[in-house]
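# Structural overview
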Amino acid sequence: MKAQQADDIAAICSQASPRTVRILLADDHTLVRAGIRSLVESIDGVDVVGETGDGAQVAPLVEAREPDILLLDLAMPNMHGIDIIKDCDKRFPNTRVLVLSMHAESEYVREAMAVGAAGFLVKDSAPEELPVAIGAVMNGDTFVSPRVSRAMFDTPRRRRCDQTGENAGRRPLFTPRQRDVLRALASGQSTKQIAAALDISVKTVETHRARIMQALGISTANALVRFAVRGHYDTQH
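Structure report, in brief. Note that the coordinates shown come from a computational prediction; the quantities given were computed from them, not determined experimentally.

### A few points about the pairing of strand 1 (residues 21-26)
Of all six residues making up strand 1, five are buried, and the element is well covered by its neighbours. Relative to strand 2 (residues 46-52), strand 1 runs parallel, the two sharing six bridges. Paired with Ala-26 across the two strands is Thr-52, which belongs to strand 2. After leaving strand 1, the chain enters helix 2 (residues 30-41) and then returns to the sheet as strand 2, a path that is right-handed.

Below, the structure is given as structure tokens:
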């Protein structure tokens, strides 16, 4: 990693929190967990406060150690990762769940985010993605590995529908620009980042967000992000 990249990553984590970020590791592969721990502990301002390879022990450890982030593998013994996320979302609102999984399929990502995960990182990601993901979720944003987010927004179903005329005569629920905003939200971008990427003003992005939320009948930013991550915005009326 270049020195400038390291400085940028440290800045992200320092902006996310004025104190040490507390991480709990949950992965049933001992060697993998040791490698993740070594990588996490190399990040300035981040501390590992516990680890487990047993899904049933995750909640008791979260309760005892009060981590800021639970770094969780989905394939856990004795309690599946999806059930762990649901439990933590309900019982420990101050702990954000960052999934670290070998599964890159969009179905896994959408299910994890829908039940309360704050981010999804695949295990074959570049090491530099981990501190960026930690910084993002500590800032209250959502992070999805770029490789996964690109796969999620492939449009074979839409092309099939266009070819068969399934959606003929029906009005799209969202405009093309609103779908651009949703895709950006799902990839973890902030309002300012979206504005820069789309070459529009921050106010315009906020207007798109407000109209999308109004169309969906939702009232919170987290609910909007969860919808965006599911990728179902080619629905038509």
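### Some points on the sheet that holds strand 4 (residues 96-101)
Strand order in the open sheet made by the six strands is 2-1-3-4-5-6, with parallel pairing throughout. Bordering the open sheet on either side are strand 2 and strand 6 (143-144), each of which pairs with just one other strand. Bridge analysis of strand 4 against strand 5 (residues 119-122) gives four bridges, and the strand direction is parallel. Residue Val-99 lies in a different strand from strand 5, and its bridge partner there is Phe-120.

### Remarks on the side chain of Arg-33
Mapping Arg-33 onto the fold places it in helix 2. Overall, Arg-33 belongs to the buried group, its relative accessible area being 12%. With residues up to four places along the chain from it excluded, the contact list for Arg-33 reads Leu-25, Asp-27, Asp-28, Glu-51, Thr-52 and Gly-53.

### Side note on the pattern of salt bridges
If you walk through the whole model with that rule in mind, you get nine salt bridges. A salt bridge links Lys-123 to Asp-27, with the nearest nitrogen and oxygen atoms 2.7 Å apart. With Lys-123 in the loop between strand 5 and helix 6 (129-138) and Asp-27 in the loop between strand 1 and helix 2, this residue pair connects regions lying 96 residues apart in the sequence. Residue Asp-27 is classed as buried on the basis of its relative accessible area of 3%. The salt bridge involving Arg-37 is made with Glu-41; its shortest N-O contact spans 3.0 Å. Of this pair, Arg-37 and Glu-41 are both found in helix 2, four residues apart, which corresponds to roughly one turn of the helix. A residue is classified by how much of its surface remains accessible, and Glu-41, at 40% relative accessible area, is partly exposed.

What counts and how
Residues numbered from 1 in each chain as written. Predicted model: local features only at pLDDT ≥ 70, side-chain atom pairs only at ≥ 80, totals over all residues. Heavy atoms only, no water. Buried < 20%, exposed > 50% of the residue type's maximum accessible area, 1.4 Å probe, protein only. Helix = DSSP H or I, 4+ residues; strand = E, 2+ residues; numbered from the N terminus. Pairing = 2+ DSSP bridges. Right-handed = clockwise from strand over helix to strand, strands pointing away. Contact = heavy atoms within 4.5 Å. Salt bridge = Lys/Arg side-chain N within 4 Å of Asp/Glu carboxyl O.

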